[in-house]
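# Close look at the chain arrangement
Next come the chains, spelled out residue by residue.
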Amino acid sequence: MSNLTRANTEEEYEKQRKRWWIKYLVTFGIASIIAVLLMWYLGLFQPALPRFEVYRALSDAFFVTGMLVLCVGALVFVNRNGTFDALVYSVKYVATLYYNHKQGKKSETFYEFKQRKAERENTPCLFLIIIGGLFVLTAGVFTLLFFRII
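The paragraphs below set out a description of the structure included in this document. Because the structure is a prediction, the values reported are computed rather than measured. (Residues numbered from 1 in each chain as written. Predicted model: local features only at pLDDT ≥ 70, side-chain atom pairs only at ≥ 80, totals over all residues. Heavy atoms only, no water.)

## Overview of the nonpolar core
Counting 18 residues, the largest nonpolar core has M39, L58, F62 and F135 as its most contacted members. Counting residues per element, this core draws most heavily on helix 6 (residues 126-149), which supplies seven residues. Among residues more than four places away in sequence, those in contact with F135 are F28, A31, S32, A35, F62, T65 and G66. (Core = buried A, V, L, I, M, F, W, Y, C linked by side-chain atoms within 4.5 Å. Buried < 20%, exposed > 50% of the residue type's maximum accessible area, 1.4 Å probe, protein only. Helix = DSSP H or I, 4+ residues; strand = E, 2+ residues; numbered from the N terminus. Contact = heavy atoms within 4.5 Å.)

Given below as structure tokens:
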């Protein structure tokens, strides 16, 4: 790797390191919007709602949102660790088989595919798991409040 390329990579790394909180903020914002929409769907914003119904709606909205974000984070994690590589390779192979044969190109082997994927840098997906866990914990607090009221 040349010095110029290494310098660009180090500058990009420093930029990303300084702004690590953006992905947490964006994920939290999207999850919050989903939670508010679920609260609206569950009727939380109706006037004169009993307190236990408020806690129930809050618990449900935060739990569904948290599990959604947590499961997406888990899927991204297992995908980045190569769980679905054989499936992705087979679909790409079948999809490009006719085109490559017509062009006279040799298809990429599974070994070459795995080597190419291993060269790429995987960005961490821990922020999805942390935000999802935070929403699930919040749902747990509202669930405890719900059962203390009844």
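## With respect to unusual backbone geometry
Within the chain, A48 stands out as a residue other than glycine whose phi angle is a positive 60 degrees. Mapped onto the elements of the fold, A48 is located in the loop between helix 2 (21-41) and helix 3 (51-80).

## With respect to the packing of helix 3 against helix 6
In contact at an axis separation of 7 Å, helix 3 and helix 6 are set at 155 degrees when each is read in the N-to-C sense. In terms of orientation, helix 3 and helix 6 fall into the roughly antiparallel class. The way helix 3 lies across helix 6 gives a crossing that is left-handed. (Axes fitted to C-alpha atoms, helices over the stretch in contact; angles between N-to-C directions. Parallel < 35°, antiparallel > 145°, perpendicular 65-115°, else oblique. Left-handed = near helix turned anticlockwise from the far one by under 90°.)

## Brief notes about the pattern of salt bridges
Within the structure shown, the criterion is met by four salt bridges. We note a salt bridge from K114 to D85, for which the minimum N-O separation is 2.8 Å. You can see K114 sitting in helix 5 (residues 110-119) and its partner D85 sitting in helix 4 (residues 85-103), a full 29 residues away along the chain. Look at D85 and you get buried, because its relative accessible area is 4%. Notably, a salt bridge pairs K117 with D85, separated by 2.9 Å at the nearest N-O pair. Pair noted here: K117 is in helix 5 and D85 is in helix 4, with a separation of 32 residues, a long-range link. (Salt bridge = Lys/Arg side-chain N within 4 Å of Asp/Glu carboxyl O.)

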